[in-house]
Amino acid sequence: MAPVIFMTELVYHPIYSRLELPSHHRFPIQKYAAIYASLIAAGVSPSRFHTPEAISRQLLNQVFDHQYVDDFLNGSLCPKAMRRIGFPWSEQLVARTLTAVGGTLLTSQLALASGLALNLTGGYHHGFADFGSGFCIFNDLYLSARHLIAHSDIEKVLIIDCDVHQGDGTASLSREDEQIFTVSLHGAKNFPYRKQISDLDIDLDSHTQDDEYLTALHQALLVCERSFQPDFILYDAGVDIHQHDDLGLLAISTQGVLERDKMVLAYAKQLGVPLAAVIGGGYQRDIAALTDVHLSLFRAAGVIPD
């Protein structure tokens, strides 16, 4: 029986957008606060949002290399490692990272109870066991999946990654883990250029449009249903597949993004399993336009009108 969804749970912390970056830095750190402000302006009560706490060092150590965890938290990662991550190290970065990862963990726990929960950040799928990459430090998707399996009745977690960039860190972390099934729909000629092997990889040609994309996603979901039969779904709803994204190389319309999100949420409902979603990547420089595309997830969930 499907979980009874009384209200979609929402997770947000102002620290998501509190990170001072060099001028002209490529990462749109403002978008998280902009998504929150847009939801409030659309009539969502601030009381609906759950505030996450920072993830503990202990929980990080259960999943990631202890030396890597220590070096990041202490600010002793080498410059090359920080360049690979893409952010300059700061105490502010540490605080934001721990809270964002804690937000995805909280989102997964809320989804267990309500059936559906959305985090206004997350999707750090380029995080590996012992290094970070591509603006990702600790892989919140894998950590949350392992925590669910260890501390609830959940036995099998499906991670659906629809960010335009392959979830290489998630694939690597999950490679020997039979309780986690990883699916990645991504641009074939986009970062990371050295792909890892997910349980199911869908490589998309540059300039792929709505119909081809949605057909590929539908087929992928059918494979998951036949091959894995999950108890829980973690969904990375990255919008860098959008036709106007500066880094995406695909050609998906805003309506196409909305239809994608509706398809994934309907799939979870059809299977009767809880779903926790993160907003993933999106790199339009126009923050208002980027925010509107990210709001597709919240429209698909019925948080704001379609």
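Look a little higher up for the structure.
Residues numbered from 1 in each chain as written. Predicted model: local features only at pLDDT ≥ 70, side-chain atom pairs only at ≥ 80, totals over all residues. Heavy atoms only, no water.

*Asks:* Where do I start with the nonpolar core in this structure?
*Replies:* Of all hydrophobic cores here, the largest spans 102 residues; its most connected members are Leu39, Phe138, Tyr235 and Phe298. Per-element tally for this core: the top contributor is helix H5 (residues 91–114), with eight residues. Once residues lying within four places of it in the same chain are set aside, the contact partners of Phe298 are Leu10, Ile35, Leu39, Leu118, Leu120, Ile279, Val303 and Ile304. (Core = buried A, V, L, I, M, F, W, Y, C linked by side-chain atoms within 4.5 Å. Buried < 20%, exposed > 50% of the residue type's maximum accessible area, 1.4 Å probe, protein only. Helix = DSSP H or I, 4+ residues; strand = E, 2+ residues; numbered from the N terminus. Contact = heavy atoms within 4.5 Å.)

*Asks:* Explain the side chain of Arg48 to me, please; I cannot follow it from the model alone.
*Replies:* Along the polypeptide, Arg48 turns up in the loop between helix H1 (31–41) and strand S2 (49–50). The side chain of Arg48 sits in the buried core without any salt bridge; Glu9 is the nearest counter-charge, 6.6 Å away. Contacts of Arg48, omitting those with residues within four sequence positions, involve Met7, Thr8, Leu10 and Val303. (Lys, Arg positive; Asp, Glu negative; His and termini not counted. Salt bridge = Lys/Arg side-chain N within 4 Å of Asp/Glu carboxyl O.)

*Asks:* Help me understand the sheet that holds strand S6 (residues 200–204), please; the structure alone is not making it clear to me.
*Replies:* Strands in a sheet are paired, the pairing made by backbone hydrogen bonds, and the direction either parallel or antiparallel. As summarised here, the arrangement of the eight strands in space is S2-S1-S3-S8-S7-S4-S5-S6, forming an open sheet in which the pairing is parallel. Edge positions in the sheet fall to S2 and S6, since each of these pairs with one other strand and no more. As defined by bridge partners, strand S4 (residues 157–161) adjoins strand S7 (residues 232–236) across five bridges and the pair is classed as parallel. Within S7, the residue paired with Asp161 across the bridge is Asp236. In the packing of H5 onto the sheet, the strands contacted are strand S1 (9–11), S2, strand S3 (116–119), S7 and strand S8 (275–278), and the crossing angle to S3 comes to about 165 degrees. Helix H8 (residues 210–227) contacts S4, strand S5 (180–187) and S6 of the sheet and is inclined by roughly 170 degrees relative to S5. (Pairing = 2+ DSSP bridges. Axes fitted to C-alpha atoms, helices over the stretch in contact; angles between N-to-C directions.)

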